[in-house]
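Summary of structural features
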Amino acid sequence: MSSWPHLIPTAPHEENEIKLLTAEIERLKNFGCLGVSPSLEGLRDENAKLKYRLNFLKKSLQEERSKSTKSMININSCLQEIFGAAIQAAYPDLENPPLVVTPSQQPKFGDYQCNSAMGISQVLLKTREQKVSPREIAEKIVKSIPANECIEKVEIAGPGFINVHLRKDFVSKQLSSLLINGVQPPAIGKRKKVVVDFSSPNIAKEMHVGHLRSTIIGESMCRLFEFVGYDVLRLNHLGDWGTQFGMLIAHLQDKFPDYLSVSPPIGDLQAFYKESKQRFDTEEEFKKRAYQCVVLLQSKNPDFIKAWNLICDVSRREFQKIYNCLDITLIERGESFYHEMMKDIVKEFEDKGFVQVDDGRKVVFVPGFPVPLTIMKSDGGFTYDTSDLAALKHRLCEEKGDILIYVVDSGQSVHLQTVFAAGQMIGWYDPKVTRVAHAAFGVVLGEDKKKFKTRSGDTVRLIDLLEEGLKRAMDKLKDKERDKVLTPEELKAAQTSVAFGCIKYADLSHNRLNDYVFSFDKMLDDRGNTAAYLLYAFTRIRAIARLANIDEQMLQKAAREEVLVLDHEKEWKLGKCILRFPEILQKILEDLLLHTLCDYLYELATTFTEFYDSCYCVEKDRQTGQIVKVNMWRLLLCEATATVMAKGFDILGIKPVQRM
């Protein structure tokens, strides 16, 4: 009983009860609900404390269960559990049998398919030299399916495909739950700490189109992890330290000698950087002074720290304008944050015998990677390799990250994989326990399929790109004469929604591993898989109930009382499509490919259009235009569609508007 100090002695019968309570607590611990308890002061004996703790845990467990009953059910996962149990019952001696459950592509093949029989047939042939037909295996699996609430019937087709038909009352019940509880995240187990490194521009350089992808993709990933209940740390790994600051500070001293007392009016930091770089490349005296400035900065000389802060602040203000436009949230933690840790990193690698000296440099060779990491230069300075190792260790050992995601371009792939492997080699993490991943992405191309540049060949400034997007979005809205029906405030909201929504969606709707062509004409087109189309579709869906004079309270009341009838094939198709949302999110959590969500939202919008064209939601008199009948269950399907679309938009960082 040493975990509870300063306790009065216990009688034998009490000790026995405590053992039982402790065992109960250990059992409850497995549910992952052992959190921070209320103060136990004033409860004197251990027995009372354990009882109090036990009651707290039971209450906590009830809350967890209550939360999980509101969670959206991942139907694919449910079916995998059912078929996993069936395969286990049919083939109890088979270790890790293949389990394949996917949505059916055609209604004639049911709603889902289990395609495990073919894989099991191959396993039996290879491991036991048993030749069993997939159809025979499928029949055995079907006979072993346990009782469940979601399957109406199963059919075996072709060589051994198991077609699954869902129960309509099950789907209807899940849709009602969605309408009553809102879009709740699927249950995904223990809460994890996720660290996402994204955006990461360099101080004294403007953000350009190359930073767009990391910023947009990283923000969306954070939103997804936050939605499912993870603790997310959003880090901006700024390039805010290094030799370039020597030339910037030396140039600052020359151009604004009174910078310590009067804040220098640096309007264009990019021009300031170019001027200092030109002097560094052409003036030998200036170059020497720049190196001296680096030494004084790294030794934390107060005047030089102030100069460094002034330069960083100018950049921060410019970066923040872009982050405000795109609704990006980040915590700044640049290379300078890790500076003091770097000497300890070098020492740790030396102490463990991983360091070799090569021409005065200290290098670390990582098995499987041809290029070593340089952790100290011959002049005693540190490198990007050192700061990246320090950042990795801090995120693993200090932040206690369970999942680390680096949203960095594909060109850094070998470097990052080497750093990750070095961290693993030295024992900072076990990849079976901690996930460290590089979410790589391709480059942004112009319409000529070459790297996106201005006409003069310069890199496109991100702020210019966003301003151009706003201008084009307003032109598009005016072409459609929306300025004649919307108030000035509504028009401005629609302009911002379309401009920034289209820029984000154009990026996120492409597989991030590929390069993509940036085209305002394509992204602002309101036909096809674009944000413009989806935003228009969303406002139309939201308007259906409003035009029928059905408000939110009436919809909520109907959600509790109405049964969602799914008799029409298009109602059934839409209902199933809506409920695939948790499956989509689960897939993205695994592969970090956000275009899957964009494809799903487009499929949902087009499936809704099919439903709306075939099923009257509101019936009107053809002569008078008066509403004669409101089919409330269909309005509820409209509401469920819009609710899921709104959450999808939120994860993608897109802000829809009620009127467009």
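Below, the structure is looked at part by part. This one's a predicted model, so the numbers in the text were calculated from it and none came from an experiment.

Rules of the game
Residues numbered from 1 in each chain as written. Predicted model: local features only at pLDDT ≥ 70, side-chain atom pairs only at ≥ 80, totals over all residues. Heavy atoms only, no water. Helix = DSSP H or I, 4+ residues; strand = E, 2+ residues; numbered from the N terminus. Buried < 20%, exposed > 50% of the residue type's maximum accessible area, 1.4 Å probe, protein only. Contact = heavy atoms within 4.5 Å. Areas by Shrake-Rupley, 256 points an atom, 1.4 Å probe, with all protein chains shown as cover. Lys, Arg positive; Asp, Glu negative; His and termini not counted. Salt bridge = Lys/Arg side-chain N within 4 Å of Asp/Glu carboxyl O. Polar contact = N/O pair within 3.5 Å; in protein donor to acceptor, adjacent residues only side chain to side chain. Phe/Tyr/Trp six-rings, centres within 6.5 Å; stacked < 30°, edge-to-face > 60°. Pairing = 2+ DSSP bridges. Expected span 1.5 Å × (residues − 1). Core = buried A, V, L, I, M, F, W, Y, C linked by side-chain atoms within 4.5 Å.

With that out of the way, let us pick up the overall build of the protein. If you tally the helices and strands in the protein, you get 23 helices and 16 strands. Here the protein holds 660 residues, and the buried ones make up 48% of them. Within the protein, contacts between residues separated by at least 24 positions form 73% of all contacts whose residues are at least 6 apart in sequence. Counting only carbon and sulfur atoms, one obtains 50% of the accessible surface of the protein, whose full area is about 33,100 Å².

Attention shifts here to the side chain of Lys 504. Secondary-structure assignment places Lys 504 in helix H16 (residues 488-508). Within the buried set, Lys 504 has no salt-bridge partner at all; the shortest N-O distance to an opposite charge, 5.6 Å, is to Asp 327. Polar side-chain contacts of Lys 504 include one of 2.6 Å to the backbone oxygen of Gly 653. If we skip the residues at most four places from it in the chain, Lys 504 touches Ile 216, Leu 326, Asp 327, Leu 652 and Gly 653.

On inspection of all chains with the given rule, the structure shows 14 aromatic pairs. For the ring pair Phe 608 and Tyr 612, a centre distance of 5.9 Å and an interplane angle of 15° mean the geometry is stacked. With Phe 608 and Tyr 612 both in helix H22 (residues 595-614), this residue pair falls 4 residues apart, about one helical turn. Take Tyr 612: its relative accessible area is 41%, and that puts it in the partly exposed class. Ring pairs connect the aromatic residues Phe 349, Phe 354 and Trp 428, which therefore count as one cluster.

Regular strands place their side chains on alternate faces of the sheet. Sheet topology places strand E3 (residues 151-157) next to strand E4 (residues 161-166); 6 bridges connect them, and they run antiparallel. Paired with Val 154 across the two strands is Val 164, which belongs to E4. Counting the residues in the hairpin turn of E3 and E4 gives 3 residues, including Gly 158, whose phi is positive at 55°.

The next thing to look at is the side chain of Thr 530. Tracing the backbone through its elements, the reader meets Thr 530 in the loop between helix H17 (520-523) and helix H18 (531-547). Contacts of Thr 530, omitting those with residues within four sequence positions, involve Tyr 505, Lys 522, Met 523 and Asp 525.

Moving on to helix H23 (residues 632-652). Here H23 spans 30 Å end to end across 21 residues, near enough to the 30 Å set by a 1.5 Å rise per residue. Burial runs high along H23: 17 of the 21 residues are buried. Gly 653 lies just past H23 and shows a positive phi near 80°.

Moving on, we get to the pairing of strand E8 (residues 355-358). Inspection of the sheet shows E8 paired to strand E9 (residues 361-364) by 4 bridges, in the antiparallel sense. Residue pairing for E9: Val 357 is matched across the bridge by Lys 362. Between E8 and E9, which pair antiparallel one after the other, the connecting turn spans 2 residues, and Asp 359 there sits at a positive phi close to 55°.

As a further point, take the nonpolar core. The biggest cluster of nonpolar side chains holds 170 residues, and the ones touching the most others in it are Leu 79, Leu 212, Ile 405, Phe 518 and Leu 635. The next biggest cluster of nonpolar side chains, apart from the first, holds 30 residues, and it includes Met 342, Ile 345, Ala 390 and Leu 396.

One pass over the structure, following the stated rule, counts 45 salt bridges. For Glu 226, the salt bridge is made with Arg 234, and the minimal N-O distance between the two is 2.9 Å. Judged by relative accessible area, which is 33%, Glu 226 ranks as partly exposed. Take Arg 234: its relative accessible area is 9%, and that puts it in the buried class. Of the charged contacts, one joins Arg 472 and Asp 521 as a salt bridge, the two residues approaching to 3.3 Å between their closest N and O atoms. With a gap of 49 residues between them, Arg 472 in helix H15 (residues 462-479) and Asp 521 in helix H17 connect regions that are remote in the sequence. Since its relative accessible area comes to 57%, Asp 521 is described here as exposed.

Moving on: unusual backbone geometry. At Glu 129, a residue that is not glycine, the phi angle is positive and equals roughly 55°. With respect to the helices and strands, Glu 129 occurs in the loop between helix H4 (116-128) and helix H5 (134-143). Within the chain, Ser 199 stands out as a residue other than glycine whose phi angle is a positive 75°. Mapped onto the elements, Ser 199 comes out in the loop between strand E5 (193-197) and helix H7 (209-227). With relative accessibility at 4%, the residue Ser 199 sits in the buried group.

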